[in-house]
Amino acid sequence: LTPGAVEEMLRMEPSFLRTPRRVKEDMDWGGVRLQRDQMVSVLNGAANRDPAVFANPDTFDIRRSPNKHLSFGQGPHTCLGAPLARLEAGLAFPRLLERLPQVVLDGDVRWKEDFSTRRLARLDVRLR
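The structure presented is a predicted model; accordingly, all values stated were derived computationally and were not measured. (Residues numbered from 1 in each chain as written. Predicted model: local features only at pLDDT ≥ 70, side-chain atom pairs only at ≥ 80, totals over all residues. Heavy atoms only, no water.)

Under the definition given, this model contains zero aromatic pairs. Against the face of Phe54 rests Arg11, its NZ or CZ located 5.0 Å from the ring centre. (Phe/Tyr/Trp six-rings, centres within 6.5 Å; stacked < 30°, edge-to-face > 60°. Lys NZ or Arg CZ within 6 Å of the ring centre and 35° of its normal.)

This is the structure we're talking about:
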């Protein structure tokens, strides 16, 4: 279940909340006129919870398939480090659970956010 869990963690808690993009040509998008060279933001966190794409988008489901989230971008803008990040997470989480099978969350998760990124500020755990 590890690969599905990793993808679902990425979908639910992306590190990049928004990604800037430049409009390549004049166009209409959802009833809004966009001009060539205008800067827009892709809201990754919102896209990853779009109910038109994901059934029960606020539910953590490690069996979710397909899981085409935007946490690492898409197409030519896909993060070059995505395969390494997936590999590291796929190795790290099973080892952590093997070594600390009684680990449980102990308090609220705290995040540090700025305009475009989000990262853990505090994650308290304890052993049962």
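After that view, the rundown keeps rolling.
Turning to its location among the elements, Arg64 is positioned in the loop between helix 2 (44–47) and helix 3 (82–99). Within the structure, the side chain of Arg64 is placed 3.1 Å from the side chain of Glu8, a separation counted as a polar contact. Within the structure, the side chain of Arg64 is placed 3.2 Å from the backbone oxygen of Asn56, a separation counted as a polar contact. Sequence-distant contacts of Arg64, defined by excluding residues within four places in its chain, comprise Glu8, Arg11, Phe54, Ala55, Asn56 and Thr59. (Helix = DSSP H or I, 4+ residues; strand = E, 2+ residues; numbered from the N terminus. Polar contact = N/O pair within 3.5 Å; in protein donor to acceptor, adjacent residues only side chain to side chain. Contact = heavy atoms within 4.5 Å.)

Following the sequence through the fold, Met9 ends up in helix 1 (residues 2–12). Look at Met9 and you get partly exposed, because its relative accessible area is 29%. For the pair Met9 and Ile62, spaced 53 residues apart in the sequence, the C-alpha separation amounts to 8.4 Å. (Buried < 20%, exposed > 50% of the residue type's maximum accessible area, 1.4 Å probe, protein only.)

The next subject is the pairing of strand 7 (residues 118–122). Across four bridges, the pairing between strand 6 (residues 110–113) and strand 7 is antiparallel. Across the sheet, residue Arg110 finds its bridge partner in strand 7, namely Arg122. Counted between consecutive antiparallel strands, the loop separating strand 6 from strand 7 contains four residues. (Pairing = 2+ DSSP bridges.)

By themselves these figures say nothing about function.
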